[in-house]
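Now for the letters of each chain:
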Amino acid sequence: MIERMAKVEILGLKDVSLEAIDLIHELGTLHIEDLSEKITQWETHHVSKMEMDSRASENQARLKQLRDKVAEVLRELKGDIDQIPKEEIEREYELLWSDNIQVMTSSIERLLSEVERSTREPVERRDDLMVELSRLEKYAPIIAKVQPLVQRAAQMEDTASIALIIERKYKAILNYLNEEISKITKGECEIISADVDEESTAALVVFGRHYLKAVHEFLAVQDVNQVRLPADIARVPIDEAVTRTRARIAEIPKELEEIEAKLSDLTQRYTTKLVAARNAIHDRLETMETLPKFGQTDQVFVISGWLPEEEVKPMEEALLQKFGNKVVMTVTDIREEREEEETPVMLRNNPYVRHFELIYMLSKYPKYGTIDPTFIFAIFFPIFFGLMLGDIGYGIIVTILGLFVYKKWKDKPWANMGGYILAVSGGWTIFFGVIYLEFFGNILLKALGRVYEVNGVEKIKYFLGTEKSILKYPIDRLEAFALMFAISLVLGLVHMGIGLVIGIINGIREGNKKHAMEKGGLLMILMGALMVVAEFGLSWWPMFLTIVGGILFVAGLVMAALGGGAGGLVEGFIAWGNLFSYVRLYAIGLASVIMAVVANQLASDMGKSGIAGLIVGILIFILLHALNIVIGMFSPSIHSLRLHLVESFGKFFEPAKFEYKPFRKTGGESK
């Protein structure tokens with residue numbers, strides 16, 4: 001249901017404005033109205049938007065810098081924020097929070113300094129080690145390839161050597177390098193090369209040692225990659241360099257583990273405090289950024305907004321206790337002020353229905369003053385889902401999956417709601433599975449010996465009734481076309497009918513008689529048309545009910561036209577077409593049971609072909625039923641949502657402009 005709201009105005013002396021705003025923020029029940037637009041329309045120059053003074057602006061800039069710094073440190077620490085108990089964050093929040101901004105910012109700055117002192121050295125060391133490891137892992141295979149070349153060069157006396165890596169497609173450059181370096185060294189040069197892999201070639205330039213500087217200067221301006229090793233390795237023979245490189249690659253991960261352990265301890269110690277600091281900064285900035293929504297004169301401030309009626313008295317008492325007659329709150333009647341359109345909506349439903357508020361992820365909240373349709377969704381969605389999927393085995397799996405999601409993600413509202421809805425829908429799937437006596441298709445019926453063949457076509461032995469009976473048990477969805485068609489239409493009439501009744505009530509509440517008349521006419525059209533159609537499908541249907549149906553249909557068209565004009569008349573015919581949309585409840589379920597039966601038949605046929613066939617048959621059974629369950633979860637969900645949002649809600653639903661979002665401390669990114 002939609003919570004009753006009260007519109008309030010708070011006026012007070014300007015010298016206590018910031019304290020009053022802090023108190024309202026602390027109470028966390030007032031949905032703030034932005035007065036900035038109204039102030040520009042008021043024919044007075046005495047009221048203006050509330051603005052911060054220069055000192056407050058400086059504090060705001062300082063807080064924003066701190067917010068960025070805290071976020072950066074949290075990213076560096078890489079703590080698992082989701083695992084921190086909410087109570088611990090709140091405890092640290094209370095220790096940091098202060099009404100005095102300077103006191104709070106100083107506390108946060110001291111915390112950041114402490115964290116930085118403790119983490120700077122291990123973080124820098126970790127980064128250095130990771131860079132070193134990356135470099136060594138890159139050059140280790142290259143050194144191994146160059147090693148044989150160096151061993152050949154080692155036989156030459158008083159020589160120096162430089163290792164190069166060249167892309168194989170540019171291998172011809174070695175001739176150029178040989179010619180140019182030969183000129184520099186007066187012929188005392190040799191280039192030894194070997195292919196490293198399909199893409200690169202390793203080359204070793206060997207030359208007289210006294211030409212080392214000149215050769216280095218020449219290669220520095222050439223587009224070739226020299227193999228440069230860390231200083232402590234580059235100064236040793238290549239054989240020793242290979243050994244040292246491999247040893248260092250093995251040592252670095254151990255050092256990283258020690259540093260990560262130390263950082264993990266620091267992370268655990270500081271992450272909670274930093275999250276609390278982030279939340280405190282967010283709440284303080286939110287207060288400052290909300291100021292332009294308020295009004296002020298030279299003497300007083302003005303705050304306007306909405307809150308639940310039951311929260312009016314606590315706010316009055318809190319303001320009176322802290323400020324006495326310096327601050328006054330007045331309550332206005334929303335209906336008298338004609339502000340229902342602007343009133344934010346808060347829903348308050350029982351625990352079962354509350355989980356189905358998930359639908360408002362796809363739709364806005366209902367308009368204030370209308371009826372909350374969440375209960376319709378809570379009743380009919382799982383019924384429609386179960387009616388379509390309708391299998392005991394599938395229902396058990398869906399229920400277990402839903403309960404797992406519901407319990408696993410208790411702190412994630414959307415996942416928690418979705419898991420709950422899935423579990424309830426799974427329960428209805430089991431219920432209808434019992435009605436159809438389906439367990440992974442026709443397995444249960446065959447196990448009970450209730451299936452027989454006539455001319456190669458499988459038939460069911462009913463527990464109650466016969467093949468020609470109107471009511472029988474179990475209901476065979478493959479054969480009971482007329483019954484399932486009728487059930488779908490009746491459910492559609494009830495579902496759409498409830499929506500139209502709500503539309504009538506909303507019209508009466510809003511004083512819109514034509515709206516109420518149009519919705520009443522549509523309801524009569526649906527009822528009358530269904531009564532007329534029943535004459536053609538049910539041999540026992542009384543003629544007088546058909547006549548009554550015809551009268552209702554015509555009278556409904558007249559009422560819809562009187563209430564909605566030509567649009568109402570057109571809507572009357574469209575509504576009749578909408579009713580047939582509910583036939584999908586049977587069609588989708590029929591597709592599901594056919595696929596289940598086919599999966600069983602294929603698995604059974606394969607199982608007759610020996611051990612290999614049995615294994616393949618089991619795989620076919622598992623894969624096809626798994627696919628059917630996945631389709632069976634998504635398809636009924638999507639079509640049930642469509643029936644609610646289009647066929648039912650579309651007949652009465654008026655979206656709200658605003659959802660109730662009170663001005664309160666949230667910490668922004670807090671769980």
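What you see is a predicted model; the values in this text were computed from it and never measured.

Q: Residue-level account of the overall build of the protein chain, with values.
A: Within the protein chain, the secondary structure is distributed over 20 helices and twelve strands. The globule rule puts the C-alpha radius of gyration for 671 residues at 26 Å, and the 39 Å found for the protein chain is more than 25% above it. Looking at the protein chain residue by residue over its 671 residues, the buried ones come to 46%. Residue pairs at least 24 apart in sequence account for 79% of intrachain contacts in the protein chain once pairs closer than 6 positions are excluded. Side-chain charges of the protein chain comprise 75 positive and 90 negative groups, with the mean position of each set lying 3 Å from the other.

Q: Can you explain the nonpolar core? Please cite residues and give values.
A: Judged by nonpolar contacts, the single largest core of 67 residues is most densely connected at Phe-384 and Leu-585. If you list the elements that add at least two residues to this core, you get helix 12 (374-389), helix 13 (392-408), helix 14 (413-436), helix 16 (481-509), helix 17 (513-537), helix 18 (543-579), helix 19 (584-607) and helix 20 (610-648). When near neighbours in sequence (up to four residues on either side) are disregarded, Leu-585 contacts Phe-384, Leu-387, Met-388, Ser-488, Leu-491 and Leu-643. If you look at the next biggest cluster of nonpolar residues, it comprises 35 residues, including Leu-66, Val-73, Val-123 and Val-275.

Q: Tell me about helix 13, and name the residues and values.
A: Each α-helix winds once per 3.6 residues, and so residues spaced three or four apart point in a common direction. Spanning 17 residues, helix 13 covers 24 Å between terminal C-alpha atoms, matching the ideal 24 Å at 1.5 Å per step. Buried residues in helix 13 make contact with helix 12, helix 14, helix 15 (443-447), helix 19 and helix 20. If you check the start of helix 13, you find a side-chain oxygen 2.9 Å away from the backbone N of Gly-393, and it comes from Asp-391.

Q: How would you summarise the packing of helix 12 against helix 14 if you had to cite specific residues and measurements?
A: Two elements in contact, helix 12 and helix 14, have axes whose closest approach is 7 Å; the angle formed by their N-to-C orientations is 45°. Classified by the angle between their axes, helix 12 and helix 14 sit oblique to one another. The chirality of how helix 12 crosses helix 14 is right-handed. Taken together, the residues of helix 14 that come into contact with helix 12 (itself represented by Phe-377, Phe-381, Pro-382, Ile-383, Phe-385, Gly-386, Leu-387 and Leu-389) are Ile-421, Leu-422, Val-424, Ser-425, Trp-428, Thr-429, Phe-432 and Tyr-436. Looking at the contact of helix 12 with helix 14, its residues break down into 13 nonpolar, three polar and no charged.

Q: Explain a nonpolar patch on the surface to me, and be specific about the residues and the numbers.
A: A contiguous nonpolar surface patch, about 310 Å² in accessible area, is contributed by Leu-478, Ile-594, Val-598 and Leu-602. Assignment of secondary structure puts Val-598 in helix 19.

Q: An account of the side chain of Thr-185 is requested, with residue identities and associated values reported.
A: Among the secondary structure elements, Thr-185 is positioned in helix 6 (residues 173-185). On the basis of relative accessibility, which here comes to 0%, the residue Thr-185 falls in the buried class. Of the polar contacts made by the side chain of Thr-185, one reaches the backbone oxygen of Ile-181; its length is 2.8 Å. If sequence neighbours within four positions are ignored, Thr-185 has contacts with Phe-207, Tyr-211 and Val-215.

Q: Before we move on, can you summarise the pattern of salt bridges with the specific residues and values?
A: Applying the stated criterion across every chain, the model contains 18 salt bridges. The partner of Glu-251 in a salt bridge is Arg-248, with the nearest N and O atoms 3.2 Å apart. Note that Glu-251 and Arg-248 are positioned in helix 9 (residues 238-290) at a spacing of three residues, about one turn of the helix. Between Lys-657 and Glu-342 there is a salt bridge; the shortest N-O distance is 3.0 Å.

Q: So what's going on with the side chain of Asn-506? Residues and values would help.
A: Note on placement: Asn-506 falls in helix 16. Residue Asn-506 is classed as buried on the basis of its relative accessible area, which comes to 1%. Sequence-distant contacts of Asn-506, that is, excluding residues within four places in its chain, are made with Thr-370, Ile-371, Phe-652 and Glu-654.

Q: Residue-level account of unusual backbone geometry, with values.
A: That bond from Tyr-473 to Pro-474 is cis: its omega, 0°, falls within 30 degrees of zero. Following the sequence through the fold, Pro-474 ends up in the loop between strand 12 (457-460) and helix 16. Although it is not a glycine, Lys-186 adopts a positive phi angle of roughly 60°. Tracing the backbone through its elements, the reader meets Lys-186 in the loop between helix 6 and strand 5 (189-195). In the Ramachandran plot, Leu-437 falls in the positive-phi region, its phi being about 55° despite a non-glycine side chain.

Q: Account for the packing of aromatic side chains, with residues named and values stated.
A: For the structure shown, the criterion picks out 25 aromatic pairs. Through successive ring pairs, a cluster of aromatic residues spans Tyr-352, Phe-356, Phe-377, Phe-381, Phe-385, Tyr-406 and Tyr-420. One residue, Arg-450, lies across the ring of Phe-463, its end atom 4.1 Å from the ring centre. Lying across the ring of Trp-97, Lys-665 places its NZ or CZ 3.8 Å from the centre.

Q: Talk me through a negative patch on the surface; I want residue IDs and the actual numbers.
A: A contiguous patch of negative charge, built from Glu-87, Glu-88, Glu-90 and Glu-94, is present on the exposed surface. With respect to the helices, strands and loops of the structure, Glu-87 is situated in helix 4 (residues 86-96). Judged by its relative accessible area of 53%, Glu-87 falls in the exposed class.

Q: Tell me about the packing of helix 16 against helix 20, and name the residues and values.
A: Close contact between helix 16 and helix 20 brings their axes to 10 Å; oriented N to C, the two are set at 45°. By the angle between their directions, the pair helix 16 and helix 20 is classed as oblique. Seen from above, helix 16 lies across helix 20 with right-handed handedness. Where helix 16 approaches helix 20, its residues His-495, Met-496 and Gly-499 are matched on the opposing element by Leu-643, His-644, Glu-647 and Ser-648. Of the residues in the contact of helix 16 with helix 20, the class split is two nonpolar, four polar and one charged.

Q: Now, about the environment of Val-300: what can you tell me, with residues and values included?
A: With respect to the helices, strands and loops of the structure, Val-300 is situated in strand 9 (residues 300-308). Owing to a relative accessible area of 24%, Val-300 belongs among the partly exposed residues under this scheme. Val-300 sits 287 residues away from Leu-13 along the chain, and the two C-alpha atoms are 4.4 Å apart. For Val-300, the residues in contact, after removing those within four places along its chain, are Gly-12, Leu-13 and Lys-14.

Q: Please provide a residue-by-residue account of helix 19, values included.
A: Its 24 residues place the ends of helix 19 34 Å apart at the C-alpha level, agreeing with the 34 Å of an ideal helix rising 1.5 Å per residue. The set of residues buried in helix 19 consists of Arg-584, Leu-585, Tyr-586, Ile-588, Gly-589, Ser-592, Val-593, Ala-596, Ala-599, Asn-600 and Ala-603. Looking at the buried side of helix 19, the elements it contacts are helix 12, helix 13, helix 15, helix 16 and helix 20.

Q: Run through the environment of Phe-544, naming residues and quoting values.
A: Along the polypeptide, Phe-544 turns up in helix 18. The exposed category is assigned to Phe-544, whose relative accessible area is 55%. Along the sequence, Phe-544 and Met-531 sit 13 residues apart, while their C-alpha atoms lie 10.0 Å from each other.

Q: Can you break down the pairing of strand 1 (residues 5-13) residue by residue, with the values?
A: Relative to strand 9, strand 1 runs antiparallel, the two sharing nine bridges. Across the sheet, the residue bridging to Val-8 is Gly-305, located in strand 9.

Q: Requested: an account of the environment of Leu-552, with residues and values cited.
A: Looking at the secondary structure, you find Leu-552 in helix 18. Classification of Leu-552 by relative accessible area gives partly exposed; the value is 23%. For the pair Leu-552 and Tyr-93, spaced 459 residues apart in sequence, the C-alpha separation works out to 65 Å. Those residues in contact with Leu-552 that lie beyond four places of it in its chain are Met-524, Ile-525, Met-527, Gly-528 and Met-531.

So, how was this worked out
- Residues numbered from 1 in each chain as written.
- Predicted model: local features only at pLDDT ≥ 70, side-chain atom pairs only at ≥ 80, totals over all residues.
- Heavy atoms only, no water.
- Helix = DSSP H or I, 4+ residues; strand = E, 2+ residues; numbered from the N terminus.
- Rg over C-alpha atoms; globule rule 2.2 N^0.38 Å.
- Buried < 20%, exposed > 50% of the residue type's maximum accessible area, 1.4 Å probe, protein only.
- Contact = heavy atoms within 4.5 Å.
- Lys, Arg positive; Asp, Glu negative; His and termini not counted.
- Charge placed at Lys NZ, Arg CZ, Asp CG, Glu CD.
- Core = buried A, V, L, I, M, F, W, Y, C linked by side-chain atoms within 4.5 Å.
- Expected span 1.5 Å × (residues − 1).
- Polar contact = N/O pair within 3.5 Å; in protein donor to acceptor, adjacent residues only side chain to side chain.
- Axes fitted to C-alpha atoms, helices over the stretch in contact; angles between N-to-C directions.
- Parallel < 35°, antiparallel > 145°, perpendicular 65-115°, else oblique.
- Left-handed = near helix turned anticlockwise from the far one by under 90°.
- Nonpolar A, V, L, I, M, F, W, Y, C, P; charged D, E, K, R; others polar.
- Patch = residues over 30% accessible without salt bridge, like charges linked within 9 Å, V, L, I, M, F, W, Y side chains within 5 Å.
- Areas by Shrake-Rupley, 256 points an atom, 1.4 Å probe, with all protein chains shown as cover.
- Salt bridge = Lys/Arg side-chain N within 4 Å of Asp/Glu carboxyl O.
- Phe/Tyr/Trp six-rings, centres within 6.5 Å; stacked < 30°, edge-to-face > 60°.
- Lys NZ or Arg CZ within 6 Å of the ring centre and 35° of its normal.
- Pairing = 2+ DSSP bridges.

Keep in mind these values describe shape, not function.
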